[in-house]
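Coordinate inspection notes
One-letter residues, chain by chain:
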Amino acid sequence: MTTPLNTPASQDRWSPRLWGTLFVLCAAMFLDALDVSMVGVALPSIATDLGLSTSTLQWIVSGYILGYGGLLLLGGRAADLLGRRQVFLVALGVFALASLLGGLVDSGPLLIASRFVKGLSAAFTAPAGLSIITTTFKEGPQRNRALAIYTTCAATGFSMGLVLSGLLTEVSWRLTMLLPAPIALVALAAGLRLIPRSSREDSGKGYDLPGAVTGTASMLLLVFTVVQAPEEGWASARTLLSFLATAALLAAFVTIERRSHHPLIRLGVLRSRSQITANLGAAFFFGSYVGFQFVVTQYMQSLLGWSALHTALAFLPAGALVALSATKIGSVVDRFGTPRVIVTGFTLLVISYALFLRVDLTPTYAAVILPSMLLLGAACALVFPSLNIQATNGVEDHEQGMVSGLLNTSIQVGGALFLAVVTAVITAGEPGRTPQAVLDSYRPGLAVVAVIALVGLLITLTGLRGRPARTSLVVASSNAAAAVPGTPSPASAAAPATVTAPVTVTAPAREGADGPVPARD
């Protein structure tokens with residue numbers, strides 16, 4: 001699946017322009033992660049300054065998740081249909097403007113609206129950026145290295161966001177909202193010069209508007225329901241009806257996708273065990289981490305009395321370990337394959353959470369907390385790049401945006417769902433007034449986090465079911481045309497809509513037990 005976009009990356013050495021392109025894409029992902037982590041520490045100051053209630057305040061976080069998680073499927077497919085470069089740059093510009101607005105508003109509803117718009121723009125930059133990487137860098141060691149650097153920037157942004165928010169909030173919470181704006185504008189200016197133009201998929205028969213409407217509506221409603229469930233009650237009539245409506249929309253979406261000539265999601269992708277493992281693994285990994293961070297932040301600040309900066313520094317070793325290992329993970333994946341690396345990372349994650357259960361009212365950081373943070377950093381460094389590699393390997397260029405959108409949707413929905421579960425667990429019983437009683441109310445939440453990670457480990461273990469050392473995989477040379485009537489093959493716009501003679505490719509078993517993504521649904 002070589003295209004003009006990824007030809008330059010086929011060389012062992014990357015050109016300065018290729019490095020520049022990767023820098024721009026990493027900057028956008030860095031901003032997404034930075035923005036998510038910075039707002040958490042600033043919430044108390046925002047509430048005081050704008051006079052917001054607790055229920056309103058949580059929507060500053062939830063509004064971003066709603067826009068991000070709800071629009072990712074549409075964002076991924078838009079990148080394929082409208083052109084990855086165009087979608088990425090426009091969305092990055094919207095992100096910069098929304099950041100500026102968020103730092104200047106004096107109203108809670110306007111701040112929430114700006115957060116929703118930022119989440120919406122990130123729903124387009126994330127899959128577009130990932131698909132630009134996977135269509136620019138040749139599959140194999142080159143792409144693995146690029147994806148390792150890309151996902152490391154996300155983890156680094158998240159860690160730096162925690163520290164920066166602690167520093168900036170001491171001056172003004174508005175600085176935490178404004179900081180992403182100039183960075184996004186610099187990345188936008190560089191992207192206009194550096195990111196190569198991409199072809200767009202032929203849409204002569206129109207776009208899948210019904211699929212876009214039902215798919216986007218179902219994701220928005222699902223994320224909204226999950227976010228609201230702890231407050232409304234998981235068994236309340238409103239929550240149950242929302243889940244029922246979500247199921248109805250998803251059923252309608254699947255029906256539409258099966259009949260559409262230009263589906264938002266080609267359902268045949270979901271027949272690939274590697275795709276299923278990658279998406280479920282992403283949901284459980286990120287969901288457990290978000291839940292862990294939520295509980296640990298409450299533990300450190302509310303119970304131990306640590307400052308926001310002190311808490312941020314406690315998490316810093318995890319992010320530092322991810323950043324330091326950025327250039328090594330690609331070669332690790334090349335040698336051992338994504339299934340083994342993912343399982344190893346999940347194992348470290350489970351151990352990290354289990355060790356943190358030892359905390360008490362007077363923890364020794366070096367002996368009790370630091371080991372968990374280091375194992376957490378090692379897990380992030382191994383798992384996130386490997387999940388991205390596994391989800392995008394063996395996928396045609398014209399569907400990279402689609403699988404990128406799927407993966408990011410899994411991450412966001414998993415984060416929203418499992419955070420809601422952990423929150424419900426720690427608030428289920430009225431905590432006592434003594435410090436020990438408060439700590440005891442946190443322990444069930446930490447245990448649930450460990451169970452979520454353990455389930456993720458069990459899911460990813462299925463990816464280790466291997467095949468003989470080297471296997472011949474049969475890949476149809478014009479499978480896109482066979483999958484979607486009227487859609488040209490990425491190899492040639494004039495290719496007939498038939499499957500030609502198969503091409504036999506010898507692939508090492510270490511890259512998985514599943515082979516290429518099925519061409520037909």
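Residues numbered from 1 in each chain as written. Predicted model: local features only at pLDDT ≥ 70, side-chain atom pairs only at ≥ 80, totals over all residues. Heavy atoms only, no water.

Here we look at the overall build of the protein
For the record, the criterion: Counting from the N terminus, the helices are DSSP H or I runs at least four residues long and the strands are E runs at least two residues long. To be clear on the numbers: accessible area is Shrake-Rupley with a 1.4 Å probe, and residue cover counts the displayed protein chains and nothing else.
A count of helices and strands for the protein gives 17 helices and two strands. For the protein, the exposed area adds up to about 20700 Å²; of that, 68% sits on carbon and sulfur atoms.

Some words on the nonpolar core
Note the cut-off: For our purposes a nonpolar core is just a set of buried Ala, Val, Leu, Ile, Met, Phe, Trp, Tyr and Cys residues, chained together by side-chain atoms within 4.5 Å. For every residue, the accessible area obtained with a 1.4 Å probe (protein chains only) is divided by the maximum for its type, and the residue is called buried under 20%, exposed over 50%, and partly exposed between those limits. By the convention used here, residues are in contact when the closest approach between their heavy atoms is within 4.5 Å.
F88, F292, Y299, M300, Y353 and L376 are the most contacted members of the largest nonpolar core, which has 110 residues in total. Contacts of Y299, omitting those with residues within four sequence positions, involve L304, F356, V359, D360, P363, L439 and Y442. Counting 34 residues, the second-largest nonpolar core is a separate cluster that includes I65, L264, M402 and V413.

What to know about the environment of L324
As for its position among the elements, L324 is in helix α11 (residues 308–324). Overall, the relative accessible area of 70% leaves L324 in the exposed class. Sequence separation of L324 and A381 is 57 residues, and the distance between their C-alpha atoms is 9.3 Å.

Details of the packing of aromatic side chains
This is how it is decided: Two aromatic rings from Phe, Tyr or Trp, using only the six-membered ring of Trp, form a pair when their centres are within 6.5 Å; if the ring planes differ by under 30 degrees the pair is stacked, by over 60 it is edge-to-face, and anything between is tilted. Definition used: whenever NZ (Lys) or CZ (Arg) falls within 6 Å of the ring centre and also within 35 degrees of the ring normal, the charge is taken to sit over that ring.
On inspection of all chains with the given rule, the structure shows ten aromatic pairs. Of the aromatic side chains, those joined through ring pairs into one cluster are F292, Y299, Y353 and F356. The residue whose ring lies beneath K118 is F95, and the NZ or CZ to ring-centre distance is 5.0 Å. The ring of W14 has R145 sitting right over it, with the charged end atom 4.5 Å from the ring centre.

With respect to helix α8 (residues 209–232)
Residues spaced three or four apart along an α-helix point in a common direction, a consequence of the helix completing one turn every 3.6 residues. Spelled out, the test is: Each residue after the first adds 1.5 Å to the expected span of a helix. The seven residues ending at a residue and the seven starting there each receive a fitted axis; the angle between those axes is the bend at that residue.
In a regular helix each residue adds 1.5 Å, so 24 residues correspond to 34 Å; α8 covers 32 Å between its end C-alpha atoms and thus fits that length. The largest bend in α8 is about 30°, located at V226, with the proline P230 one to four residues further on. Phi turns positive, to about 105°, at G233, one or two residues after α8.

Notes on the side chain of R174
Test applied: Side-chain atoms alone can form a polar contact between residues adjacent in sequence; in general such a contact is a pair of N or O atoms within 3.5 Å, and within protein one must be able to donate a hydrogen while the other accepts it.
Turning to its location among the elements, R174 is positioned in helix α6 (residues 173–178). Residue R174 is classed as buried on the basis of its relative accessible area of 18%. Reaching out from R174, the side chain makes a polar contact with the backbone oxygen of V105 at a distance of 2.6 Å. Setting aside residues no more than four positions away along its own chain, R174 makes contact with D49, L50, G103, L104, V105 and D106.

So, the pattern of salt bridges
Selection criterion: A pair is scored as a salt bridge if a Lys or Arg side-chain nitrogen falls within 4 Å of a carboxyl oxygen belonging to Asp or Glu.
Enumeration over the complete set of coordinates arrives at four salt bridges. With a closest N to O distance of 2.5 Å, R115 and D35 form a salt bridge. Pair noted here: R115 is in helix α4 (residues 108–136) and D35 is in helix α1 (residues 16–50), with a separation of 80 residues, a long-range link. The burial state of R115 is the same as that of D35; both residues are buried. Three or more residues joined by partner-sharing salt bridges are found here, namely D35, R115 and K118.

A closer look at the environment of P371
By secondary structure assignment, the location of P371 is in helix α14 (residues 365–392). For the pair formed by P371 and A318, sequence separation is 53 residues and the distance between their alpha carbons is 9.7 Å. Discounting residues that sit within four places of it in the chain, P371 has contacts with L355, R358, Y365 and A366.

Brief notes about the packing of helix α5 (residues 141–169) against α14
Angle between the axes and distance between the axes are the two parameters that describe a pair of packed helices. The cut-off we apply is this: For every element, the axis is a line fit to its C-alpha atoms; helices are fit only across the contacting stretch, and the angle between N-to-C directions ranges from 0 to 180 degrees. Note that the term roughly parallel is reserved for angles under 35 degrees, roughly antiparallel for angles over 145, roughly perpendicular for angles of 65 to 115, and oblique for everything else. Throughout, a crossing is termed right-handed when the near helix is turned clockwise from the far one, and left-handed when it is turned anticlockwise from it by less than a right angle. Only Asp, Glu, Lys and Arg are considered charged, only Ala, Val, Leu, Ile, Met, Phe, Trp, Tyr, Cys and Pro nonpolar, and every remaining residue, Gly among them, polar.
Between α5 and α14, the shortest axis-to-axis distance is 8 Å and the interhelical angle comes to 135°. The orientation of α5 relative to α14 falls into the category oblique. For the crossing formed where α5 meets α14, the hand is right-handed. Across the interface between the two elements, R143, N144, L147, A148 and T151 of α5 pack against F384, P385, N388, I389 and T392 of α14. Looking at the contact of α5 with α14, its residues break down into five nonpolar, four polar and one charged.

What to know about helix α9 (residues 237–259)
In this model α9 runs 33 Å from its N-terminal to its C-terminal C-alpha over 23 residues, within 8% of the 33 Å that 1.5 Å per residue would give. Taken together, the buried positions of α9 are occupied by T239, S242, T246, F253 and E257. Contact partners of the buried residues in α9: α8.

Concerning the confidence of the model for the protein
Condition: Residue-level confidence of the predictor is summarised by pLDDT, bounded by 0 at the bottom and 100 at the top.
Of all residues in the protein, 83% have pLDDT values of 70 or greater, and the mean over the chain is 78. For residues 1–10, every residue scores under 50 in pLDDT, and the model assigns this stretch 29 contacts once sequence neighbours within four places are set aside. The low-confidence segment residues 467–517 (pLDDT under 50) makes 98 contacts with residues lying over four places distant or belonging to another chain.

With respect to the packing of helix α10 (residues 273–303) against α11
One can describe the packing of α10 onto α11 by two numbers: an axis separation of 10 Å at closest approach and a directional angle of 135°. One element, α10, and the other, α11, form an angle in the oblique class. Here α10 runs over α11; the crossing is right-handed. Mapping the contact onto sequence places Y289, F292, Q293, V296, T297, M300 and Q301 in α10 and A308, T311, A314 and F315 in α11. Its residues assigned to classes, the contact of α10 with α11 comprises seven nonpolar, four polar and no charged.

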